[in-house]
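Architecture at a glance
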Amino acid sequence: MSPPPRSATTLPETAVTPSPPRTALVPRPAKARFKAGHFTFGTDTRLRVTAGAEPAAELLRTLLAPATGLRLPPAADGPVVLALDTALTGLGSEGYGLTIGPRSVLLRARTVTGLLRGVQTLRQLLPAQALAATPRPGVPWTLPCADITDVPRLPWRGAMLDVARHFQPLPYLLRYVDLLALHKINVFHLHLTDDQGWRMPVSAYPKLTEIGGHRRRTIRGPSGDHHDGTPHGGAYTRAELGRLVAHAAARGVTVMPEIEMPGHSRAALAAYPHLGNRPERALDVWTRWGVCDTILGVHEEVLDFCRTVLEEVMDVFPSQHLHIGGDECPTTEWERSPAAAGRVRSEGLAGPAALHGWFLTRVGAFLSRQGRRPVAWAETGTELPPGFTAMAWRDPEHALHAARHGHDVINSYHRATYLDYPQSPGPDEPPGQPGGVVGLRDVHGHDPVPAAASPQTAARILGTQAHLWTEYAATPARIEYLTYPRLCALADAGWTGPTPWADFSSRLAGHTARLDALRVARHP
Ligand code: ACM
């Protein structure tokens, strides 16, 4: 286990700042006007919930009960109204309107998801203690009077967590999703498999987790060979993944799983060597970091394996988008493999390098036939088969290339969205991904929609995503230290669009009290 980061701030509960500016909302609403006066919740305050709006009422009760003790029972004449109105216009699939007066609160949306976003705004408008996990008696639960109309700028605001390099048990994933939802992040991208671990059970291939879920040891720190000599392992049960999906859905968050292929698949090959290019060779689950040249083969059995695995993945994850990796796939093994040479000939390909696109095309077509949308990492922006949604990560212009090439794009430029880089060059930062710094200002200043995009190209940019690879982040405390507050800046970029730094940083100063009430082990 790594030591906790030196400057992490897991605050004692008494240190919660009592009164941040209530208007310090993160992300910033599209339109908000605050007025004099406030609405006060009493122990007997009731909710009027229109037909279909019950999930939002449930979430509001779940979120507020621990600290406030408010029960918010239903009543036809309750002063707090949650109204689903499918005739509302201008709010899209996630927008909401919120009117707070001295005697009433009205939250309206066209969709349940819009109401769920509005619930998070209501929660942020209460005193920060409302976010605590235990009772906070004596706090007046007031909301400032306001008129808010709020619609996201971009439909995809995601966060990726790599649970392959370091496994995190389910309770932490539930908390992780809770924190995403607070920031109106709507996609939780779960990186379930990699060279160093396979975390999802597949009944047709039990060794994926029995063998592929465990590695002998872990290299500690970014420089070199010092390993801890301690086995690391873990896998979710299918029931746990189902609970995660339901917990996230109740908060308006979609869980998008990622199953890596054809590279980053060493853990699968340790379990089933016959899926590789040298079936006679015994492999371990990888104990190094970096790019591994051991990759899947291209024989028919491998495609059967991918389809079977993805069928089970689709059973568990209803997400329309499914991620199949595709990144960092050296083709040296294919260059030496007679079976790969045979495949190149039979498919009429230019050479072994073309097998990468052939592989993704085959698997992507399978997902499309099942009504799903394949997602992959794009390394140039133009190499993915048609129909793939591209996560453009390498260079800032790749998002533009991919969009111009006809792909939907999630702007994942690593120098603005990779949270495994340290957030300052200071000596106090815990060891992180070497080779760069991604500061809060880098995340805040990155517009996911490139300035050079035409309106048609811009329409292809679905949004943006934060990414946390966990080679150097073994614990929840380290994950939160790396994620917050940088994810707050990404949430603003995705939901609101570019905001002036002074505006963002002053809102963040207020929002910090909420993170502290939630005992987020944030970067100072
Ligand atoms: C990646 O960072 N390998 C997508």
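All figures in this text were calculated on a predicted structure; none of them were measured in a lab.

**Overview of the overall build of the protein chain**
Along its length, the protein chain carries 17 helices and 18 strands. Relative to the compact-globule value of 24 Å for 524 residues, the protein chain shows a C-alpha radius of gyration of 24 Å, a close match. In terms of principal-axis extent, the alpha carbons of the protein chain reach across some 75 × 50 × 45 Å. Residue burial in the protein chain is summarised as follows: out of 524 residues, 59% are buried. For the protein chain, the share of sequence-separated contacts (at least 6 apart) that also reach a separation of at least 24 residues comes to 74%. When the accessible surface of the protein chain is summed, it comes to about 19,500 Å², and 55% of that surface belongs to carbon and sulfur atoms. Looking at charge distribution, the protein chain has the averaged site of its 53 positive side-chain charges lying 6 Å from that of its 48 negative ones.

**So, unusual backbone geometry**
Along the chain, Val26 connects to Pro27 via a cis peptide bond; the corresponding omega equals 0°. Secondary-structure assignment places Pro27 in the segment before strand E1 (31–40). The phi dihedral of Lys184 is positive, around 60°, even though this residue is not glycine. Looking at where Lys184 falls in the secondary structure, it is placed in the loop between helix H3 (170–182) and strand E8 (187–191). A positive phi angle, near 50°, is found at His264, a position not held by glycine. By the element assignment, His264 lies in the loop between strand E13 (254–261) and helix H6 (266–271). Judged by relative accessible area, His264 falls into the buried class, the value being 2%.

The rules behind the values
- Residues numbered from 1 in each chain as written.
- Predicted model: local features only at pLDDT ≥ 70, side-chain atom pairs only at ≥ 80, totals over all residues.
- Heavy atoms only, no water.
- Helix = DSSP H or I, 4+ residues; strand = E, 2+ residues; numbered from the N terminus.
- Rg over C-alpha atoms; globule rule 2.2 N^0.38 Å.
- Buried < 20%, exposed > 50% of the residue type's maximum accessible area, 1.4 Å probe, protein only.
- Contact = heavy atoms within 4.5 Å.
- Areas by Shrake-Rupley, 256 points an atom, 1.4 Å probe, with all protein chains shown as cover.
- Lys, Arg positive; Asp, Glu negative; His and termini not counted.
- Charge placed at Lys NZ, Arg CZ, Asp CG, Glu CD.

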